[in-house]
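# Descriptive structure summary
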Amino acid sequence: VQRNPGESEFHQAVKEVIDTLGPALRHHPEYADQKIIARICEPERQIIFRVPWQDDRGEVQINRGFRVGFNSALGPYKGGLRFHPSVYLGIIKFLGFEQVFKNAITGMPLGGGKGGSDFDPKGKSDAEVMRFCQSFMTELYRHIGDITDVPAGDIGVGGREIGYLFGQYKRITNRYESGVLTGKSPKWGGALVRREATGYGTVYFAEEMLKARGDSLEGKTCVVSGSGNVAIYAIEKLQMLGAKIVACSDSNGVIYHASGIHLDTVKQLKEVQRRRIRNYIDEHPGAQYIEGGQVWDIPCQVALPCATQNELDAEAARTLVANGCIAVAEGANMPTTPGGVKIFLESNLAYGPGKAANAGGVATSALEMQQNASRDNWTFEHTEQRLHEIMTGIHQDCYETAAEFGSPGNYVIGANIAAFRHVAEAMLAFGVI
Ligand code: NDP
């Protein structure tokens, strides 16, 4: 805390991991001898830069850009860019730290990193977003590359932003280096299924947790927070597996639709028109809009937090458990507060932490990198099949590791120890660097 003052989300993410590593450290005294924990908590590099741009009125605006290369023991830095007014170094470091472990559990050759800016794309014109992205990339380009650091999207960075960023990278470097960014449109080098991957993967993870208990998602009543990229495709896959989704949200409020959310309307509002979720009731007067509400107050059997960090606190966790919720799988990064996690772990509910449950996005980014490197395009079916296998494998790894270290069914311990072991072994092999 003294070394990284004021970075509360980063402290929270580090504490959550370290608190679970005791059994692994007892089995491997060499990790402590070689100060692996102290090394893993210190980013390899952190870049902070000025992003000046002009708005539509001709006024100069200044934002702050970040890119943190957290750990490259297993491969090039890999992790998204977040554009949101709440972004500061502590958010980027928490996300980068989580990313190291998440990427390790996928079993793919990926290090961990994260970046972004306090720029708010909401309410900006396309031209403003383009000028911002061009300015952002004009500094970032010198720090990234397909074998160095490969950014992708996150909150506020979707297909439009990735397009502008890639266009500027290509222009500055004189290289059509497809593998420098993932989340590209399939029309120019992107992989099919990348857009769907985080949401679909989270649902596959939830399905595996239920399967391990002899149950399934079919017929379950679900709530999903958020209505962005992860939430939309989580809802889509839940519906494909026969579940009923009765609520979703954005940062202003919640839509409750007892007969089931119409995903076409949500996609139209959020992906095409860039409007608010409250506009859903214009199309569906039978639904209810709750300004300032939370989806956790709506009774459900399965809950998927897919919006942002610390959106589900202890009180919300208690409400979910009291209402009979049997599974929570995190599409977002660190959406549950430490108090909320404690309640889930003390209850009989199946709890899948984001590091494991939302790793399908980055895993599919690695598949995009593979396709770019071999100048190939895979079909939707083949890529989705790979995603499904990867998520089943991640679930099994977490499940078995939890049992091996004396906490069967505890996916937090399973995910943290499985991931930590991968990274620690590589760091040991490289010596003190
Ligand atoms: P989007 O920007 O597409 O959507 C984010 C959604 O969350 C929106 O509905 C947004 O509402 C809501 N939201 C964002 N910030 C807040 C906030 N401070 N309070 C309340 N609601 C908020 O982002 P993604 O769907 O890509 O990301 C969602 C989560 O998933 C993040 O935690 C991200 O790190 C994580 N994630 C994303 C991956 C990906 O592939 N995209 C991969 C792995 C994890 P509003 O529009 O009102 O802001």
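Residues numbered from 1 in each chain as written. Predicted model: local features only at pLDDT ≥ 70, side-chain atom pairs only at ≥ 80, totals over all residues.

### Describing the overall build of the protein
Broken down by element type, the protein carries 17 helices and 12 strands. The dimensions of the protein, computed from C-alpha atoms along their principal axes, are 60 × 55 × 45 Å. Counting over 433 residues, the protein shows a buried share of 52%. Summarising the internal contacts of the protein: among those between residues at least 6 apart in sequence, 74% fall at separations of at least 24. (Helix = DSSP H or I, 4+ residues; strand = E, 2+ residues; numbered from the N terminus. Buried ≥ 20, exposed ≤ 12 C-beta atoms within 10 Å, placed from the backbone. Contact = placed C-beta atoms within 7 Å.)

### So, the sheet that holds strand β11 (residues 327-329)
Spatially, β9-β8-β7-β6-β10-β11-β12 is the arrangement adopted by the seven strands of the open sheet, whose pairing is mixed. Both outer strands of the open sheet, β9 (288-291) and β12 (350-352), are each paired with one neighbouring strand and no more. In this sheet, neighbouring strand axes are inclined to one another by 15° on average, regardless of whether the strands run parallel or antiparallel. Bridge count for strand β10 (residues 302-304) against β11 is two bridges, and the pairing is parallel. By the bridge assignment for β11, V302 is matched with A327. (Pairing = 2+ DSSP bridges. Axes fitted to C-alpha atoms, helices over the stretch in contact; angles between N-to-C directions.)

### Let's talk about the site of the ligand
Neighbouring the ligand are 25 residues, the closest being G228, S251, A307, A332 and G361. The dominant element in the shell around the ligand, judged by the number of residues it contributes, is helix α9 (residues 229-240), at three residues. A class-by-class count of the residues in the shell around the ligand yields six nonpolar, 16 polar and three charged. Of the residues that make up the shell around the ligand, three or more belong to each of domain 1 (8-180) and domain 2 (196-352). (Near = placed C-beta within 6 Å. Nonpolar A, V, L, I, M, F, W, Y, C, P; charged D, E, K, R; others polar. Domains from an automatic or database assignment.)

### What about the domain arrangement of the protein?
The domains assigned to the protein are domain 1 (8-180) and domain 2 (196-352). Computed over C-alpha atoms, the centres of domain 1 and domain 2 are 26 Å apart. Between domain 1 and domain 2, the contact holds nine residues from the first and seven residues from the second. For the side of domain 1 that touches domain 2, the elements supplying multiple residues, two or more each, are α1 (8-18) and α5 (89-105). Of the residues assigned to the side of domain 1 that touches domain 2, the class counts are four nonpolar, two polar and three charged.

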